[in-house]
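Summary of the model geometry
Single-letter residue listing:
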Amino acid sequence: MPVKGHSLLDGVVGVGDAVLLEPLTEDNFLTNLQERFQHNDIYTYIGSVVVSVNPYKKLPIYDEEMIERYKGRNLYELPPHIYAVSDLAYRSMKNYNRDQCIMITGESGSGKTEASKLVMKYVAAMSSRSHEVEAIKQQLLQSNPVLEAFGNAKTNRNDNSSRFGKYMDIEFDFKGDPVGGVISNYLLEKSRVVRQAAGERNFHIFYQLLSGAPPGTLKKLKLENTGDLEYVNTKDCTSDDSTSFKQVLNAFDVIGFSRKEVDNVLQLVAAVMKLGNVQFRSISGKNGLENCVVKNPDEIADICDLLSVNPNTLTMALTQRTVTAKKDAVTVKLSASEASYNRDALCKEIYDRLFSWLVNRINSSIKVTSIKIEKCKVMGVLDIYGFEVFERNGFEQFMINYCNEKLQQIFVELTLKEEQEEYVREGIEWLHIEYFNNSIICQLIENPHSGILSMLDEESMRPGDVTDQTLLAKLESVCGKHKHFESRRDSKFLADKTLPHEAFRIQHYAGKVTYMVENFIDKNNNALFRNLSMAAFTSSNSLLGGSKGLFPEGDPSITVLKRHPTTATQFKSSMGALMHNLLNKNPNYIRCIKPNDVKRSNVFSCDLVRHQVRYLGLMENVRVRRAGYAFRQKYEDCLKRYKMLSPKTWPLWHGPPKEGVKHILQNSNVSSDKFEYGHSKIFIRNPKTLFFLEDLRADALHDLATVIQKIWRGFSCWKKFQQMKKAEIIISKTVKRYQAQQKYLKLKSAAIVFQCFIRGWKARCQLRALKLHKQRCISVTLIAAHWKGYKTRVEYRKFFRANAGKVIGKFLEKYVISKYFMTLKENLPARSPIDKTWPVCKYKFLKETHGILQTMYHKWRCMKYRKSITPEKKKQLSEKLQASNLFRGKKSLYAISLPKWFVGDHVSISTNEKWRKGANVSGDLDIVFADEGFKINRADGKLVSCLVVLSTKALMIVDGKTFKAKARQPIQSITGLSFSPFDDGMVVIHTRATDNNANKHKGDIILNVAHSIELATKLFLLIKNSTEKQIQITIGESVKLTCKGEMQISFMKSTSGATAPDVKKRKNLFVVTVPNKSTPNGVAQ
Ligand SMILES: Nc1ncnc2c1ncn2[C@@H]1O[C@H](COP(=O)(O)OP(=O)(O)OP(=O)(O)O)[C@@H](O)[C@H]1O
Ligand SMILES: [Mg+2]
């Protein structure tokens, strides 16, 4: 029978599967483990059970690459690994739809917690990486740091020892993606909060908070500058604690704790730490009894601040106890030691309840919400505190070891007992293999009538004087005869000094453990004084106080309190539930072994390992496995999975399932010694056979897939063909329709053209006929009218005078003319000479008259207008007319000056007395024009402000302040004026020397006057009227002038937006830059 692709543990150190050991002895088994351990092969199989030896060092075998290697591979294809078992569990869950559980067992420090984290890591890596799934995975994985911080501690056996039991159900959807989970926690070792053995630490969170929290947080938690704390030795803090604290805060965040919740949790942790420091001082009470008071009330104040409780309430709760008997409440004051006990009880209870709250809070974050729970498949991972034996073992160790005893029993039940019983049940030939069944020890502990737990409960609840000693006596009397129970009372152990008087010893599956009975009753009762729970209830911290807080029983309105179930009862029932849960799932085992007691790598203590191998029953496990069958399956399931391996069973088998399986095996050529037929199951001896069948199945599935693919492809091609055919019909239909449409449209338009022509031709013919008919009708009517008229005239001629027609005509003419005049009169246009409107004439014969009347009317209104003009106005108009003649169309300033009347004396100089005095002398009193302006210096081109005054005699440049003429040019000496064509006020006054001023004559004057058009016009008319000569007016961009020689003035428009003219003199040239669309010196015209 060929087997494809399986290494079957070839090429590994020693033997990868202990089932293959030859000869099979305990020594051989240990040597094999040791050899493999020394080569860092820490995993070894016993069939599908994986034995893991703690390497106490980091091995490079857990990375992503390794996960990829083990993904979907059969158990024996690759070297033994925890990933292979995880993969097996994950795939059986996915493929066979069976809930799985992974039981990780071993003593404290053997690597259970690490193994559980590796399983979770593998499962997380297997599932899809969608955003949603990734978030859930992170929440599940991040629950570990939180629970480890609060529930793990350093012990002498393990630096990260789990001090609580944890069972986590990871729930998957049908695709195999995690959708949530539920965590169950079991009995936290709360006594550690207040007391730790030498060399051990309190729970990690205390150290993490102290070394990792920022100073601000520590201040808020009142933990800054704390010296030594009673419960927490601050010297034990390490640098790792600080890093872990950050991880814990991050984990809180990922899981979804709110800021407030985290603050509340940290406040409680800090309060517990500080409570440890509260001390009591004995005082003597009134009744002579010992009472106490708080030694350090400051601490109480801080704690109450953190717990949000009134300091008096807490102090009273710690130092007093109220006992209610028959509705009467009696308050008893406590002694200092009782108060300390009370304080410790409060701390333990707060911490324990806080831990349970954390588990519940995580559960509420990770619980399945998206799909129905019944649809989920579940994989449980059990990581519980390992079997432990200390120098001094108490109540907690008893419970922990009881739990391990129960787990061992499951292992025994399922792997040794059940397996062997199944062979017998199924009728398989079987030679019984002896093994130790620890159910007898379980019975000793949990028997409902005579078990230690029920004795403990009985004693705890018994009225009367109950002490740990009475409990021990009871145990001795009830269980004394049990062969796994030992006590000093028993005559056999009377002389056994190793067994103290106040202790009992149990021979556990893993060895003997002596338990000191001290505090058994107290711890089992687990009762907190009501005063304390009532004080906690009053807290305004939402986590601690109120009915939804950690101490709901402290509600003062609850008068009748139910008795709290004892710890033993609670633990026993939670163990029962756990066992029930585990038994309902397909088990997968990881058996952890601790190689040495010194937590060191590469140290393999043979004795220690031998002890563990013995009590874990590993040898029996190997023997059963070796003699037995590696795989069994119900015929129905086997048929369902492998029915494709025989043509008879594929696709449907209607006979009995067993017959179907026979056909499958025959058809697969599996030789008959490789399997056995049971009554309801097929038993396969070697995993090789299973792999062989799996390979055949994979090939068959491959072939089936090919067939399906073939059919599917054929179908999809046929479907495509059908679609194409349909499409082709649609396309050809559309094309044909389109073509027909086009043809039809052409024919239609041709028909319309024909129709048009024919209709047009017909219409024209008809029109012609109608026109002819109409003409005939008109002619007939006309002829008839003339004829009738003629006839009538002939008939009536005798009654009328011969010229009556003329008279009537005249009358009508008069009537029309009078109507015309009346209408014209009413519609005459305005009297303004410039109004060009004139009514329209309706009568052709009056057209000429109408024109004549228009001219007459216009002349009349002009005459009227002229008559209305005063001589003054006439003079102004004639000046305006002259200005028009001189400047219209030549200088752009003219258009701006047009609407303004010429004023003459713009500065009212004629009334100025100063002026008048000077003018009287020079004879210039008759002012024609006066205005502000600028004189341009002929020497340097500078503009000098002045008044420009024109009298009937001369043009003067007058000082604006003194009103004295600075220059006087008689009008006879003015020969011409020059201007720029732009809208500036520059004027060049050309002069000649006269007989009187021949010596003083300086040449032509350049002025810049606001009203330059007015000045020019007035000057022109003045000279014309007085000398009957016309002076020359020149307008141009370049003008010649004379001033101490021939010069030139050139005008140009400013491009910079200047508002005043700028004059630059360059040798014989004045360059005047005049403002663009502005006025000289910026004054509007
Ligand atoms: N696979 C491993 N690789 C490297 N170190 C390991 C491995 N398994 C365990 N260890 C080391 O051993 C220590 C103890 O392991 P772990 O805490 O898992 O023990 P445990 O069985 O859970 O003990 P307890 O019952 O006290 O909780 C770990 O802190 C780690 O240092
Ligand atoms: Mg652990």
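The structure contained in this document is the topic of the report that follows. (Residues numbered from 1 in each chain as written. Chains lettered and ligands numbered in written order. Predicted model: local features only at pLDDT ≥ 70, side-chain atom pairs only at ≥ 80, totals over all residues. Heavy atoms only, no water.)

Another point: the overall build of the protein. What the protein contains, in helices and strands, is 30 helices and 31 strands. The globule rule puts the C-alpha radius of gyration for 1085 residues at 31 Å, and the 63 Å found for the protein is more than 25% above it. By principal-axis analysis of the C-alpha atoms, the protein measures approximately 175 × 105 × 75 Å. The contacts in the protein between residues at least 6 apart in sequence include a share of 63% that link residues at least 24 apart. Per element, the accessible surface of the protein, about 56,900 Å² overall, is 55% carbon and sulfur. The average position of the 163 basic charges and that of the 111 acidic charges among the side chains of the protein differ by 24 Å. (Helix = DSSP H or I, 4+ residues; strand = E, 2+ residues; numbered from the N terminus. Rg over C-alpha atoms; globule rule 2.2 N^0.38 Å. Contact = heavy atoms within 4.5 Å. Areas by Shrake-Rupley, 256 points an atom, 1.4 Å probe, with all protein chains shown as cover. Lys, Arg positive; Asp, Glu negative; His and termini not counted. Charge placed at Lys NZ, Arg CZ, Asp CG, Glu CD.)

Before going further, it helps to spend a moment on the site of ligand 1. Neighbouring residues of ligand 1: 19 residues in total, closest Ser108, Lys112, Thr113, Ser161 and Ser162. At 2.6 Å from an oxygen atom of ligand 1 is found a side-chain nitrogen or oxygen belonging to Ser108. Between ligand 1 and Asn160, the relevant distance is 3.3 Å, taken from an oxygen atom to a main-chain nitrogen or oxygen of the residue. Considered on its own, ligand 1 offers 620 Å² of accessible surface; in the complex 87% of this is hidden by protein. Contributing elements (two or more residues each) for the shell around ligand 1: α4 (112-126) and β5 (161-162). The dominant element in the shell around ligand 1, judged by the number of residues it contributes, is α4, at three residues. Broken down by class, the residue content of the shell around ligand 1 amounts to four nonpolar, eleven polar and four charged. (Near = heavy atom within 4 Å. Polar contact = N/O pair within 3.5 Å; in protein donor to acceptor, adjacent residues only side chain to side chain. Nonpolar A, V, L, I, M, F, W, Y, C, P; charged D, E, K, R; others polar.)

Moving on, we get to the coordination of the magnesium ion (ligand 2). In the first shell of the magnesium ion (ligand 2), the protein supplies Thr113 (OG1) and Ser162 (OG), at 1.9 to 2.1 Å from the metal. In this pair, Thr113 is assigned in helix α4 and Ser162 in strand β5, connecting sequence segments 49 residues apart. Ser162 shares its class with Thr113; the two are buried. (Donors = N, O, S within 2.8 Å, 3.2 Å for Na, K, Ca; no water. Buried < 20%, exposed > 50% of the residue type's maximum accessible area, 1.4 Å probe, protein only.)

What follows deals with the pattern of salt bridges. All chains considered together, the criterion is met by 46 salt bridges. Across the pair Glu553 and Arg353 runs a salt bridge whose closest N-O atoms are separated by 2.9 Å. Within this pair, whereas Glu553 is found in the loop between α18 (530-537) and α19 (567-583), its partner Arg353 is found in helix α12 (residues 336-366), the two being separated by 200 residues in sequence. With a relative accessible area of 17%, Arg353 lands in the buried category. Three or more residues joined by partner-sharing salt bridges are found here, namely Arg163, Glu189, Arg192, Glu200 and Glu388. (Salt bridge = Lys/Arg side-chain N within 4 Å of Asp/Glu carboxyl O.)

Ordered by their spatial adjacency, four strands build an open sheet running β28-β29-β31-β30, and the pairing between neighbours is mixed. Looking at the sheet topology across the chains shown, the edges are occupied by β28 (1038-1042) and β30 (1062-1066). In this sheet, adjacent strand axes meet at a mean angle of 25 degrees when their direction is disregarded. Summarising the sheet, β30 and strand β31 (residues 1069-1074) pair through five bridges and their orientation is antiparallel. Across the sheet, residue Lys1065 finds its bridge partner in β31, namely Phe1070. (Pairing = 2+ DSSP bridges. Axes fitted to C-alpha atoms, helices over the stretch in contact; angles between N-to-C directions.)

Position of Glu486 among the secondary structure elements: in strand β13 (residues 485-487). Among the residues examined, Glu486 registers a relative accessible area of 2% and is labelled buried. Reaching out from Glu486, the side chain makes a polar contact with the side chain of Arg505 at a distance of 2.6 Å. Only 3.1 Å separates the side chain of Glu486 from the side chain of Lys512, close enough to count as a polar contact. Beyond its immediate stretch of four places on either side in the chain, Glu486 contacts Phe493, Leu499, Phe504, Arg505, Gln507 and Lys512.

On the secondary structure map, Arg793 appears in helix α24 (residues 687-796). Under the relative-accessibility criterion, Arg793 is labelled partly exposed at 48%. For the pair Arg793 and Leu693, spaced 100 residues apart in sequence, the C-alpha to C-alpha distance is 140 Å.

Moving on, we get to helix α11 (residues 311-319). Two residues of an α-helix separated by three or four positions point the same way, owing to the 3.6 residues in each turn. For α11, the full list of buried residues reads Leu314, Ala317, Leu318 and Thr319. The N-cap of α11, judged by a side-chain oxygen 2.8 Å from the amide nitrogen of Asn312 a few residues on, is Asn310.

For the rest of this paragraph, the subject is the sheet that holds strand β14 (residues 503-508). Strand order in the open sheet made by the three strands is β13-β14-β15, with antiparallel pairing throughout. Two strands in the sheet have a free side with no partner beyond their single neighbour: β13 and β15 (511-516). Averaged over all pairs of adjacent strands, the angle between their axes in this sheet comes to 25 degrees, without regard to strand direction. Taken together, the three bridges between β13 and β14 define a ladder with antiparallel strand orientation. Looking at the pairing, Ser487 lines up with Phe504 of β14.

The description of two aromatic rings rests on the distance between their centres and on the angle between their planes. What the rule picks out here adds up to 36 aromatic pairs. An aromatic cluster of three or more residues is present, and its members are Phe150, Phe203, Phe206, Phe252, Phe257, Tyr351 and Trp357. The positively charged end of Arg361 is found above the aromatic ring belonging to Phe257, 4.9 Å away from the centroid. For the cation-ring pair, Lys662 lies above Tyr677, with the distance from its terminal atom to the ring centre recorded as 5.2 Å. (Phe/Tyr/Trp six-rings, centres within 6.5 Å; stacked < 30°, edge-to-face > 60°. Lys NZ or Arg CZ within 6 Å of the ring centre and 35° of its normal.)

Turning our attention to the packing of helix α3 (residues 82-96) against α4. The description of two helices packed together rests on the angle between their axes and the distance between the axes. At a minimum axis distance of 9 Å, the contact between α3 and α4 shows a crossing angle of 55 degrees. Taken together, α3 and α4 sit at an angle that is classed as oblique. Every pair of crossing elements has a handedness; the one defined by α3 and α4 is right-handed. Seen from α3, the contacting residues are Ile82, Tyr83, Ser86, Asp87 and Tyr90; seen from α4, they are Ala115, Leu118, Val119, Lys121, Tyr122, Val123 and Met126. When its residues are assigned to classes, the contact of α3 with α4 shows nine nonpolar, one polar and two charged. (Parallel < 35°, antiparallel > 145°, perpendicular 65-115°, else oblique. Left-handed = near helix turned anticlockwise from the far one by under 90°.)

This next bit is on a nonpolar patch on the surface. A cluster of nonpolar side chains, namely Ile708, Trp712, Phe715, Trp718 and Phe721, defines an oily patch on the protein surface of about 590 Å² accessible area. As for its placement among the helices and strands, Phe715 is situated in helix α24. (Patch = residues over 30% accessible without salt bridge, like charges linked within 9 Å, V, L, I, M, F, W, Y side chains within 5 Å.)

Further remarks concern the nonpolar core. A general tendency of soluble globular proteins is for nonpolar side chains to be buried together. Phe29, Phe150, Phe206, Phe398, Phe504 and Ile506 are the most contacted members of the largest nonpolar core, which totals 179 residues. For this core, the element with the highest residue contribution is α12, accounting for 13 residues. Discounting residues that sit within four places of it in the chain, Phe398 has contacts with Ile445, Ile452, Leu453, Phe504, Ile506, Tyr515 and Phe520. Counting 31 residues, the second largest nonpolar core, distinct from the first, contains Phe902, Val948, Val987 and Ile1033. (Core = buried A, V, L, I, M, F, W, Y, C linked by side-chain atoms within 4.5 Å.)

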